Amino acid sequence: MKWRRKEEQTPLPVEESAQPDTGWATTSMSTGAMANWTAVVRWSAWGLLLTGPLLGGLALASTAQPAAVPTRAEAPRAQPASSDSVAPAGFAEVYVAAYVKAGDSDADAEELAAFYPAARSMSWSSEGGAERTESASAVQVRQISASYWSVTVAARITSSAKDADSGRVRYFQVPVRATGGRGASGWTAAALPAEVAAPTGAKGAAPELSYGAAHAPLNSDPAVQTVRGFLAAYLTGRGELDRYLSPGTALHAVRPAPYTAVALTQIADHGQGPAEGAEAQAPPDGVQRRLLVDVEGDGQHTSSRPMTYAIELRARDGRWEVASLEAAPALAAPGTNSNSQEGQGS
């Protein structure tokens, strides 16, 4: 609504027909009505002054809601015990190998000093190379404090004397410290290795797998035919690998081919598997079948080497195709009884 400034002179009378038709009704306002209207305007102004800060706060709070302003989720931080344990484990493995073969020569002392600097001032009475490490692997890594680990290394040690203990696995505990601050630039041993007993749980029972009883492969089973052709192409280079693969499955044959022949010895189905006699029938499209397959490979320098593959098959156009060469066999659920180990010779 617009207010006009009142003229000092009395306006001339205007004929009614001269009034513009705006669509709004016009009335004259008396002095009392004007006073009442002024009071209403005054109280309204006070109301706005009093409620203004409250309304402003509510508006500010509404704009600060997370839904209005998208926030970026903070990436999880890596835990040092799990992410940084690979480097000290590898350092400890090489350190143990150098320690086992070290002798009284200066060359051996210098090699060991690369891992443990105090070794330069130590004397060794044994002959270097009397014992050697065939293989070494970290089996336990424990973080003691920031940038400090205790690594237990399992080492298969052979002796030049070829005694009864030669070739046995022995365990060494190695203290490893990171150098160079948080972003470790190097590693050093805090002491010589300590030979210890095998860690608890270093050897456990074979895990239960969720496959049925293993049996000899049936020539009448189309899945067996697919697996045989696939493994022959995959391991010996004979045959075309792609013809056995489901659309979208990307696998490459092992090169150079490590075997000249492979033979299936037994298979087991995941879960219940097909009903008796059903495996010889053409499968409906889209049906999946997971197999645990035992094979033997013959090569130039090997004979009947046993291997086990977990293979997922998928049916298409009435035949089985390889959908996946699984990374590991499926484990049985905890607390369930499984007969997956029956008859499996892997």
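The paragraphs below set out a description of the structure included in this document. (Residues numbered from 1 in each chain as written. Predicted model: local features only at pLDDT ≥ 70, side-chain atom pairs only at ≥ 80, totals over all residues. Heavy atoms only, no water.)

**Some words on the overall build of the protein chain**
Then, in step 1: Secondary structure summary: the protein chain contains five helices and nine strands in total.
Then, in step 2: Helices and strands in the protein chain line up, N terminus first, as α-α-α-α-β-β-β-β-β-α-β-β-β-β.
Then, in step 3: Within the protein chain, the proportion of its 346 residues that are buried is 28%.
Then, in step 4: For the protein chain, contacts bridging at least 24 residues in sequence account for 59% of all contacts bridging at least 6.
Then, in step 5: For the protein chain, the exposed area adds up to about 23300 Å²; of that, 54% sits on carbon and sulfur atoms. (Helix = DSSP H or I, 4+ residues; strand = E, 2+ residues; numbered from the N terminus. Buried < 20%, exposed > 50% of the residue type's maximum accessible area, 1.4 Å probe, protein only. Contact = heavy atoms within 4.5 Å. Areas by Shrake-Rupley, 256 points an atom, 1.4 Å probe, with all protein chains shown as cover.)

**Points about the nonpolar core**
Then, in step 1: By size, the foremost hydrophobic cluster in this structure holds 25 residues, and its most contacted members are Phe230, Leu231, Val293 and Ile311.
Then, in step 2: Looking at this core, the element that brings in the most residues is helix 5 (residues 222-235), giving eight residues.
Then, in step 3: With residues near it in sequence (within four places) discarded, Val293 still touches Val227, Leu231, Leu264, Gln266, Ile267, Met307, Thr308, Tyr309 and Ile311.
Then, in step 4: Judged by nonpolar contacts, the second largest core, of 21 residues, contains Val153, Phe172, Ala178 and Ala189. (Core = buried A, V, L, I, M, F, W, Y, C linked by side-chain atoms within 4.5 Å.)

**What about the environment of Ser166?**
Then, in step 1: Relative to the assigned elements, Ser166 resides in the loop between strand 2 (148-159) and strand 3 (168-179).
Then, in step 2: Sequence separation of Ser166 and Glu131 is 35 residues, and the distance between their C-alpha atoms is 8.7 Å.
Then, in step 3: Among all residues touching Ser166, those that are not within four sequence positions of it are Ile157, Thr158 and Ser159.

**So, the environment of Leu241**
Then, in step 1: Its location among the elements puts Leu241 in the loop between helix 5 and strand 6 (261-269).
Then, in step 2: Accessibility expressed as a relative area gives 10% for Leu241, which makes it buried.
Then, in step 3: Spatially, the C-alpha atoms of Leu241 and Gly229 are 8.2 Å apart, while their sequence positions differ by twelve residues.
Then, in step 4: Dropping the residues within four chain positions of it, Leu241 is found in contact with Phe230, Ala233, Tyr234, Leu251, His252 and Ala253.

**So, the side chain of Arg289**
Then, in step 1: Tracing the backbone through its elements, the reader meets Arg289 in strand 7 (residues 288-298).
Then, in step 2: A distance of 2.7 Å separates a polar atom in the side chain of Arg289 from a polar atom in the side chain of Asp269.
Then, in step 3: For Arg289, the contacting residues outside a window of four places in its chain are Asp221, Ala223, Asp269, Pro274, Glu279, Ile311, Glu312, Leu313 and Trp320. (Polar contact = N/O pair within 3.5 Å; in protein donor to acceptor, adjacent residues only side chain to side chain.)

**As for the packing of helix 3 (residues 86-101) against helix 4 (residues 106-113)**
Then, in step 1: Between helix 3 and helix 4, the shortest axis-to-axis distance is 9 Å and the interhelical angle comes to 160 degrees. By the angle between their axes, helix 3 is roughly antiparallel relative to helix 4. When the axes of helix 3 and helix 4 are compared, the crossing they make is left-handed. Here Tyr95, Ala98, Tyr99 and Lys101 of helix 3 lie close against helix 4, whose contacting residues are Asp108, Glu111 and Leu112.
Then, in step 2: Within the contact of helix 3 with helix 4, the residues separate by chemical class into four nonpolar, no polar and three charged. (Axes fitted to C-alpha atoms, helices over the stretch in contact; angles between N-to-C directions. Parallel < 35°, antiparallel > 145°, perpendicular 65-115°, else oblique. Left-handed = near helix turned anticlockwise from the far one by under 90°. Nonpolar A, V, L, I, M, F, W, Y, C, P; charged D, E, K, R; others polar.)

In short, shape yes, function no, at least from these values alone.
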